[in-house]
Amino acid sequence: MDNTSLFKVSDLEVANAKLILKEVYQLLEERGYNAINQIVGYLISGDPGYISSYKGARDKIVSIERADLLAYILKDYLQ
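What counts, and at which threshold
Residues numbered from 1 in each chain as written. Predicted model: local features only at pLDDT ≥ 70, side-chain atom pairs only at ≥ 80, totals over all residues. Heavy atoms only, no water. Helix = DSSP H or I, 4+ residues; strand = E, 2+ residues; numbered from the N terminus. Core = buried A, V, L, I, M, F, W, Y, C linked by side-chain atoms within 4.5 Å. Buried < 20%, exposed > 50% of the residue type's maximum accessible area, 1.4 Å probe, protein only. Contact = heavy atoms within 4.5 Å.

### Examining the environment of E13
Tracing the sequence through the fold places E13 in helix α1 (residues 9-30). It is 23 Å that separates the C-alpha atoms of E13 and Y50, two residues lying 37 residues apart in sequence.

The following block contains the structure:
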């Protein structure tokens, strides 16, 4: 553990966004929603009403800018 680990901020942001997205997905599924449809509805419209407030899911997803979230998803998908 003598070596210094270097992390790019964007890598950490992507990892955080991925964690939040997975958690929101699981919470929506837990509530009986079609999580993919709800998340896509939010991403397209910008209306946070697509995301349930159950266990703070809405607050979590809106903590990331939609454009950033889309960029992170695309970056993760293409890599």
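So that's the structure; there's more coming.
### Let's talk about the nonpolar core
Judged by nonpolar contacts, the single largest core of 17 residues is most densely connected at V24, L28, I39, I51, I61, I64 and L69. Mapped onto this core, the elements with two or more residues apiece are α1, α2 (35-45), α3 (57-62) and α4 (66-78). Ignoring any residue separated from it by four or fewer positions in sequence, one finds V24 in contact with I39, I51, A57, K60 and I61.

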